[in-house]
Amino acid sequence: MSSTDNVKKATSAELAANRKWLKESISPYFFSAMRDEPEALRVLELGLGTLRHNRRLILADRDKSLILARVNAPGSLYDALRHFQDREISYAMITHSDAPMPGMQEALEIQRFEFDRKRNEEVLAWKETKVPAGIARKVAAELKRSYPEFDLKEFDRLLRILWLNNESYVRVSSPLRVAQVLQLHQKASRSGGLYLYVEPSSIQEVSRVHFAVGNPPQKEFLLQLMEVFNRLDLAVNRAYCLTITTGVHPYFLGTFLVNRRHGGVLEAGSELFSRLQKELYNTQIVSTRGYTYREFVTTGVMSGEDASLTNAFIAFCHTNLAHNQPDRFGLDDVQSAFHSHPEMSLQLVKLFRARFDPAVTASDPRYQSILEETVEAVEGYNTGHRYLDEMRRTIYRCCLIFITHTLKTNFFVLEKQALAFRLDPTYLAALETSSTSDLPPAQPFRVTFFFSRYGFGYHIGFSDIARGGWRTVIARNVDDYITNSNTIFRENFVLAHTQHLKNKDIYEGGSKLVLILNAADLQRGGERELEVCRLYKLQHGVVNAFLDVFVTSDGVAKNPAVVDYYREDEPIELGPDENMHDSMIENIARISKRRGYILGIGIMSSKEVGINHKEYGVTSTGVIKFAEITMAELGTDIYRDPFSVKLTGGPNGDVAGNAMRILLNRAPKVAIRLILDGTAALCDPEGADHEELGRIVLKQDLDAFDPLKLHPGGFMLFRSGSRREGLRELFRKVTRTGDGVREEWISTDEFSKWYGSLPFTVKADLFIPAGGRPESIDKDNWQNYLLPGGAPSTAAIVEGANSFITPEARVQLQKKGVIIMRDASANKCGVISSSYEIIANLLLSESEFLAEKERYVRDVLEILEKRAGDEARLILKRRREQPGLLCTEISDALSGEINEEYATIYRFFQNRPNLCLQPIYRKAILAHLPRMLREEPKYSKRLKNLPRKYLFAILAAEIGSSLVYRGDKEADLEATLKGHLMRQFE
């Protein structure tokens, strides 16, 4: 026999031996799951022996898949995952042999990864998809047998979605494994996006862990899960992990077969299972990319939960200290204080746990001793570096104040995707004055801090019952993230305070919820969908954290894991603001109702069962009413006379778009000389063409305006559709000439100069800032609003956007003769509308509201016109009576007067709760309501169903505002004196 024949014979024998060993040593499930990869199995059979000399054998390596055979060793999977941590894994299968490989002491590990995440639009057509009847029948039978609690009404939809995501997986997997995936998907979707279950497997001392997450972290997630198992000494023998897209957001569906490395079984209810549960759920909060995780969690210095809390400490201290001293308390400085001294971080964590662990609370004597121990450690902190030591002591004191002033938190709630901390607002007074001197001189009623994996922020409210919008600022690069982090607290505080001034006509005080979303690592153009997923993840996690602490029973937090030092119901109403999509609005309302919040779906305005601001133009109704009355004061009837206006905010925006719609419908002679939004700027000295503008209003952004419709001398600058020439980015400018249009491409510097200057320099009769970032006109640039001769570029400004002009700039412009109707007055009708939406949610069923919606909205619009008109006329009346007063000063004074009356009257009824439904007070409540609720007995008799706090608040709002808008101070004093004398002397 030739040597070649000997080699062939030996190779054949080795192949047969390898094939036999693989069949005997690896679970049959592996071969079933690899039926679609016969060539990979062939490579494995041929090359198994090479693993005696090499760490890995590539079985398949394609654009969207990678299959490896490896020598099983501690960290082997972790090592593999690190090499493609930026890729999104759609399917992962990990399998270990039950015995060592031939001639070796180590077992075999097979790793199969697929990188084929489907996009939402690819899955939305699931209704047209057909799954082979035989497969569907077998899976349905397995579900009935193994998971009888599965709701089969969802079977067809869930199976089709899985098929569209990974047809091959459904074809090659056993009916049991497909049934497990469907069960996991349904459980996760019905449990708020987190589900964990452990059960025995058929293998001795091996448990099957099922873990599912809705909208999971996009990168490194499987790596993070494996790190958890490894840290808890749980060996993963096999794993099957799918990430599927549902058309809304993805789901991670994982099954892990694990055993304890030191013997024993992982059992539900055990101490180890409790640790596993905390750590797996905490993967939704702690990021793998941070220093705390990398240096403290993976090394065993901290648990994942402690790392999340430490990161929350950092974010809170940074945002509370940096807004007035960004150079001293920058993000790096605050992080360094906690990272350089993990023992101090752990001491603060220890104190926090002692205060809020349901088993060990502040009533326990150990808390006081730990508090004293922590204070001593903070005050005695001394490394010999004087400047650093003082700065870090300030940071640690801030953290101490945070812990001791938090009144309730969801930190000990297991199923959470964000942290919530409801604080006593007096904590602000405990901070150094240098940290708060840049804030308005008012103390909030409550401050709530939220922290999650992808962002953080605050809800700040200025009264017990409070409402205001939910704004999410998306930071798309590191500079944006740091800048917004530095100022978020002040921005939130100012917006909430402004909202409180604005809410003077309604029963709710002002509040605002502002979050920062960190999307700095999503820089590629194709990652827009990932940004939306991350946005929804942040908002979904925060609303559930919000409900963890604010859902109460008899005034006390309902969840027993929340230690509640406040112990009162807190009716807080939210509304949509920047980056709040319709689907999330509806989701928040559903979650609130399901979880039993005191307001039910009334937590959120602008729902389907509500009054959509953009659809009905409620904010713009008030803005244009203010514009009408202000221009009349200047001698112009905007509905009959020619006049010109400039706007920031685009035709597709809520406030600007509806302002344009109202003007186009009611003011035929208006010339809209400037429109500026995020996509383009339009400047036309004769005014934008009404017909062309009407074509895109409330449908498209400004870049859809046809430049051919400009008048001669008009031009457009396009932010969208830029192009690159070498290293230069160029923007399109289109100018209308007598002969047509001329197109040119201008540099970034030229574009920015033009774009930034237009709101200042374009001359018009009226300016309506209805979009744009806060503080666009400030103390440093207000003079740019003056034309070369010194006159302002408009005679009047009606603020449709919040805080577009800073207080200092308002004062200076008014001294130059500009009438300014500030945001707290001019754009208040949006929040008034939302207030009436919540009243409808509390007094009408959903079907009643939808049946009467158009009628109800007409009644609300009638109220909005009246509320706006009352205030605009009173401001101008006081201005005529006292010419030295500025309109914004009068606006602030009116808000202060009404809010002071409100607070006094609210306390009065709180102390006399049985008065509110007596006939005279009942009439006042009815007077506050829309006509439909006021005049129809079947609705008006439901007043008694309103929460008692709401009755007090409605009375306080109606009486307080009427005393100011329609009161006569001398007559009111006369009535008070008469009443006093009659009681004393008759």
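Our subject is the structure that appears above.
Rules of the game
Residues numbered from 1 in each chain as written. Predicted model: local features only at pLDDT ≥ 70, side-chain atom pairs only at ≥ 80, totals over all residues. Heavy atoms only, no water. Helix = DSSP H or I, 4+ residues; strand = E, 2+ residues; numbered from the N terminus. Rg over C-alpha atoms; globule rule 2.2 N^0.38 Å. Buried < 20%, exposed > 50% of the residue type's maximum accessible area, 1.4 Å probe, protein only. Areas by Shrake-Rupley, 256 points an atom, 1.4 Å probe, with all protein chains shown as cover. Lys, Arg positive; Asp, Glu negative; His and termini not counted. Charge placed at Lys NZ, Arg CZ, Asp CG, Glu CD. Contact = heavy atoms within 4.5 Å. Disulfide = S-S within 2.5 Å. Phe/Tyr/Trp six-rings, centres within 6.5 Å; stacked < 30°, edge-to-face > 60°. Pairing = 2+ DSSP bridges. Axes fitted to C-alpha atoms, helices over the stretch in contact; angles between N-to-C directions. Polar contact = N/O pair within 3.5 Å; in protein donor to acceptor, adjacent residues only side chain to side chain. Core = buried A, V, L, I, M, F, W, Y, C linked by side-chain atoms within 4.5 Å. Parallel < 35°, antiparallel > 145°, perpendicular 65-115°, else oblique. Nonpolar A, V, L, I, M, F, W, Y, C, P; charged D, E, K, R; others polar. Salt bridge = Lys/Arg side-chain N within 4 Å of Asp/Glu carboxyl O.

## Side note on the overall build of the protein chain
Looking only at helices and strands, the protein chain has 36 helices and 27 strands in total. Its C-alpha atoms give the protein chain a radius of gyration of 32 Å, within 12% of the compact-globule value 30 Å for 986 residues. If one aligns the C-alpha atoms of the protein chain with their principal axes, the spans along those axes are about 120 × 80 × 70 Å. Within the protein chain, the fraction of its 986 residues that count as buried is 59%. When the accessible surface of the protein chain is totalled, it reaches about 40100 Å², and 50% of it is carbon and sulfur. Distance between charge centroids for the protein chain: 3 Å, based on 128 positive and 128 negative side chains.

## Section: the environment of Ala-764
Here Ala-764 shows up in the loop between α26 (748-761) and β25 (766-769). Residue classification places Ala-764 among the buried residues on the basis of a relative accessible area of 5%. On a C-alpha basis, the gap between Ala-764 and Thr-794 in space is 5.2 Å, while along the polypeptide they are 30 residues apart. Other than its neighbours up to four places away in sequence, Ala-764 contacts Ser-644, Val-645, Lys-646, Arg-673, Ser-793, Thr-794 and Ala-795.

## Things to note about the state of the cysteines
Under the defined criterion, the tally for this structure stands at 0 disulfides. Cys-398 takes part in no disulfide bond, and the closest cysteine sulfur to it belongs to Cys-317, at a distance of 3.9 Å. Residue Cys-398 is classed as buried on the basis of its relative accessible area, which comes to 1%. Free cysteine Cys-829: the closest other cysteine sulfur is in Cys-887, separated by 17 Å. Assessed through its relative accessible area of 0%, Cys-829 is described here as buried.

## Some remarks on helix α14 (residues 331-339)
Listing the buried residues of α14 in full gives Leu-331, Val-334, Ala-337, Phe-338 and His-339. Where α14 is buried, its residues touch α12 (291-297), α13 (304-322), α15 (342-356), α17 (386-405) and α19 (478-502).

## Description of the packing of aromatic side chains
Applying the stated rule across the entire model yields 42 aromatic pairs. Look at Phe-316 and Phe-449: their rings are 5.5 Å apart centre to centre, the planes differ by 70°, and that puts the pair in the edge-to-face class. Taken together, the positions of Phe-316 in helix α13 and Phe-449 in strand β12 (residues 446-451) put the pair 133 residues apart, joining distant regions of the chain. Grouping residues by exposure puts Phe-316 and Phe-449 together as buried. Look at Phe-767 and Tyr-785: their rings are 6.1 Å apart centre to centre, the planes differ by 35°, and that puts the pair in the tilted class.

## Here's the deal with the sheet that holds strand β8 (residues 250-260)
Judged by pairing direction, the sheet is antiparallel, and its 8 strands sit side by side in the order β1-β2-β4-β3-β7-β8-β6-β5 without closing on themselves. Looking at the sheet topology across the chains shown, the edges are occupied by β1 (56-62) and β5 (194-200). Averaged over neighbouring strand pairs, the angle between their axes works out to 10° when direction is ignored. Pairing geometry for strand β3 (residues 91-100) and strand β7 (residues 234-245), over 5 bridges, is antiparallel. Pairing of Met-93 across the sheet is with Tyr-240, part of β7.

## Focus: the side chain of Arg-238
Tracing the backbone shows Arg-238 in strand β7. Reaching out from Arg-238, the side chain makes a polar contact with the side chain of Tyr-240 at a distance of 3.4 Å. Residues within four places of Arg-238 in sequence aside, it is in contact with Ser-27, Tyr-29, Ile-94, Thr-95, His-96, Ile-203, Thr-255, Phe-256 and Leu-257.

## Side note on the nonpolar core
With 199 residues, the main nonpolar core has Phe-313, Phe-338, Phe-449, Trp-470, Leu-693 and Tyr-856 as its most contacted residues. The next biggest cluster of nonpolar side chains, apart from the first, holds 55 residues, and it includes Met-93, Leu-108, Ile-110 and Leu-162.

## Description of the packing of α13 against α15
Helix-helix packing: each pair is described by the crossing angle between the helix axes and the interaxial distance. The interhelical angle for the contact between α13 and α15, taken along N-to-C directions, is 100°, at an axis separation of 10 Å. Of the possible angle classes, the one that applies to α13 and α15 is roughly perpendicular. On α15, the residues that touch Glu-305, Asp-306, Leu-309, Thr-310 and Phe-313 of α13 are Ser-345, Leu-346, Leu-348, Val-349, Phe-352 and Arg-353. For the contact of α13 with α15, the per-class residue count stands at 6 nonpolar, 2 polar and 3 charged.

## Thoughts on the pattern of salt bridges
For the structure shown, the criterion picks out 74 salt bridges. Across the pair Glu-24 and Lys-20 runs a salt bridge whose closest N-O atoms are separated by 2.6 Å. Of this pair, Glu-24 and Lys-20 both sit in helix α1 (residues 3-25), separated by 4 residues, roughly a single helical turn. For Glu-24, a relative accessible area of 54% corresponds to the exposed category. The network of salt bridges with shared partners includes Lys-408, Arg-422, Arg-446, Asp-464, Asp-564, Glu-568, Glu-570 and Lys-949.

## With respect to the pairing of β12
Counting buried positions along β12 yields 6 of 6 residues, so the element is predominantly enclosed. Residues of β12 alternate between two faces, with Arg-446, Thr-448 and Phe-450 on one and Val-447, Phe-449 and Phe-451 on the opposite face, all of them buried. Two strands pair when backbone bridges link them, and strand β11 (residues 419-423) and β12 are joined in this way by 5 bridges, in the antiparallel orientation. The partner of Arg-422 across the bridge, within β12, is Thr-448. As defined by bridge partners, β12 adjoins strand β13 (residues 455-461) across 6 bridges and the pair is classed as antiparallel. Bridging across to β13, Val-447 finds its partner in Ile-460. Hairpin connection from β12 to β13: 3 residues lie between these consecutive antiparallel strands.

None of the figures reported here should be taken as evidence of function without further support.
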